[in-house]
Amino acid sequence: MKKELQLVLSPEEAYDEALFQKTVAEKSGLSSHKNLIIRTTKRSIDARSKKVKINVTVEIFSGQNPEPLINSGKDYPNVKNSEPIIIVGAGPAGLFAALRAIELGVKPIVLERGKDVRARRRDLAALNKEHIVNPDSNYCFGEGGAGTYSDGKLYTRSKKRGDLRRIMEILVAHGANEDILVDAHPHIGTNKLPILIAELRESILAAGGEVLFNTKVTDFLIEKDSIKGVVTSDGEKISGIGVILATGHSARDVFHLLSRKNILIEAKPFALGVRIEHDQKLIDRIQYHCQSDRGPYLPASSYSLVQQTVLNGKQRGVFSFCMCPGGFIVPSASSPGEIVVNGMSPSRRDGKFANSGMVVAVELEDLPKYQKYGPLSALVFQQEVEQAAWEVGGKSQVAPAQRMMDFVNNKLSKDLLETSYQPGLKSANFNDFLPEFIAKRLAMALPLMDKKMKGYYTNDAHLVGVESRTSSPVRIPRTKEGFEHPQISRLYPCGEGAGFAGGIVSAAMDGERCAEKLIEKYAKMDIGS
Ligand code: FAD
């Protein structure tokens, strides 16, 4: 017998495993049955009222074995001898494109400028401790891409639930906890992601695919408006039946290369601002309405804030971005001479601090001074802000910081708070170096956010800058149906860098789609032509 139930539980009933089993058995009226198997299929936290509730959907099996939770396994066909496709970038888009190609019987060759996850860790240590930015191995570049050392949040606004489920199942098959299949806001955590990424690579290699690290693509092999392959920084030419370009939003050299070769790219709106760090206990008190701490059962709380602002008659949103409960602020620059911050959390999210991007939507009409840079206008603007932060921070990875109320009152902070940002902070007035339209909108929005989260606007929180890599400042266009570049056949712009994804899961989904489109076209065409 199988029974499905929707329950509203207390945090203790939901998260204490023994109590959970007992409570569900009782509430289902099946507690007298022997060998009950209880499986959670959905779980979400409802903290709107003073008493926090957990909504849970469960399946209860009695005298019957449950059907398997995941359909995707690691049984990939061997594709060693097929004609290869070239995938540039081993981020989520590139890795999932590779796995999908394998499923469809085609060998992927993945080219990655950075190092494997383990070797990459040493460069991150050097970045945090010695302020050395390796332009090919950092928080943005290297195996697993920008999402490897992150919070591993797996939310997406995509409505394609079937595709989303596939990605989650593949992650579970490669070592992610099954909780990601049921939680409303699943996350993996920076301590678990690298192991999972290495498992994805192992599946690619075991099936006969190739993953080449320290292999930077510096040119394209194009004949008669059709891409035949790529050239690496060592001068090696690698050919294939098509190229999936999944180089992420930070590969500025790739955008410059496309521009130099007159391959169509477009400037794209994005968002820029700061990261805000609070004590996690304060955020918990606000979100969970508790007096002291959140107790042993509830996870560290998160938030999502949006505030519209009007300046010079123009409305722009100011919004929280990539909130990391119990996490760290990390130095995410991908070149020397710039400061970029982002956030990550361990799977338990048990750090002292809550940090989140707080960014302002930037439209191209906000950048009249940069129009001369054409498709690279938003990129140049982004880069200049990052360089300004670097100058202000003292030309290292020490980041500018300011207490929140001091920023709104245009006052340099006399002292700064404790921080999770390892390279260190320097007191600076963000009003002096952030573009005026960004600073003014942030200063308008922050006090108003206190109306949505009482206590959020406080001088016991600080701004750390700058949060500038929210999405790509450039779009690499592609056709709506075939996903090919409109000028260059067999070139498939993919993932976040091309402007078709935002976040780990949507990039992975886009990678799968690009592989399908490329292989679908290949199946139909005479490849010799
Ligand atoms: P990327 O992940 O950027 O991968 C691109 C890859 O291409 C990189 O590995 C790069 O080295 C490689 N590459 C670039 N140029 C070349 C070249 N010329 N030759 C060869 N290889 C090249 N998203 C979430 O959904 N949840 C989170 O919790 C989250 N936290 C984040 C935390 C941090 C610190 C950062 C930096 C990002 C975070 N993100 C998060 C964003 C997420 O990582 C990206 O949206 C996602 O990784 C985009 O995937 P992608 O494959 O399109 O590109």
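This is a predicted model, so every value here is computed, not measured.

Peer 1: Talk me through the environment of Glu130; I want residue IDs and the actual numbers.
Peer 2: Looking at the element boundaries, Glu130 is found in helix 4 (residues 117–130). For Glu130, a relative accessible area of 54% corresponds to the exposed category. Once the C-alpha coordinates of Glu130 and Lys480 are considered, the two residues, 350 residues apart in sequence, prove to be 45 Å apart.

Peer 1: I'd love a proper account of the domain arrangement of the protein, names of residues and values included.
Peer 2: Partitioning the protein into domains gives domain 1 (2–62), domain 2 (85–265 + 476–524) and domain 3 (267–467). Put simply, the middle of domain 2 and the middle of domain 3, counted by C-alpha atoms, are 27 Å apart. Listed by partner, the interface residues are 29 residues for domain 2 and 30 residues for domain 3. Together, His131, Val133 and Arg252 form the three largest contributors to the area buried by domain 2 at its contact with domain 3, with a combined 27%. For the pair domain 2 and domain 3, the number of links is three salt bridges. Residues Arg252 and Glu338 are paired through a salt bridge, measuring 3.2 Å at the closest nitrogen-oxygen approach. At the junction of domain 2 and domain 3, the tally comes to 11 residue pairs in polar contact (both at pLDDT 80 or more). Broken down by secondary-structure element, the contributors of at least two residues to the side of domain 2 that touches domain 3 are helix 4 and helix 7 (252–260). Residue contributions to the side of domain 2 that touches domain 3 peak at four residues, all from helix 7.

Peer 1: Go over the nonpolar core, please, and point to the residues and values.
Peer 2: Counting 79 residues, the largest nonpolar core has Met358, Leu434, Leu446 and Tyr456 as its most contacted members. At eight residues, the largest contribution of residues to this core is made by helix 12 (residues 436–452). Viewed by domain, this core spans two of them, domain 2 (85–265 + 476–524) and domain 3 (267–467), each represented by three or more residues. What Leu434 contacts, discounting residues up to four positions off in sequence, is Val274, Val385, Ala439, Leu442 and Val466.

Peer 1: Break down the packing of aromatic side chains for me, with residues and values.
Peer 2: For the structure on display, the rule yields seven aromatic pairs. Ring centres of Phe270 and Phe381 lie 6.4 Å apart, and the angle between their planes is 70 degrees; this geometry places the pair in the edge-to-face category. Taken together, the residues Phe270 in strand 12 (residues 270–279) and Phe381 in helix 9 (residues 377–393) connect sequence positions 111 residues apart. Each of the two residues, Phe270 as well as Phe381, counts as buried.

Calculation rules
- Residues numbered from 1 in each chain as written.
- Predicted model: local features only at pLDDT ≥ 70, side-chain atom pairs only at ≥ 80, totals over all residues.
- Heavy atoms only, no water.
- Helix = DSSP H or I, 4+ residues; strand = E, 2+ residues; numbered from the N terminus.
- Buried < 20%, exposed > 50% of the residue type's maximum accessible area, 1.4 Å probe, protein only.
- Domains from an automatic or database assignment.
- Contact = heavy atoms within 4.5 Å.
- Buried area = accessible area lost by both parts, 1.4 Å probe.
- Salt bridge = Lys/Arg side-chain N within 4 Å of Asp/Glu carboxyl O.
- Polar contact = N/O pair within 3.5 Å; in protein donor to acceptor, adjacent residues only side chain to side chain.
- Core = buried A, V, L, I, M, F, W, Y, C linked by side-chain atoms within 4.5 Å.
- Phe/Tyr/Trp six-rings, centres within 6.5 Å; stacked < 30°, edge-to-face > 60°.

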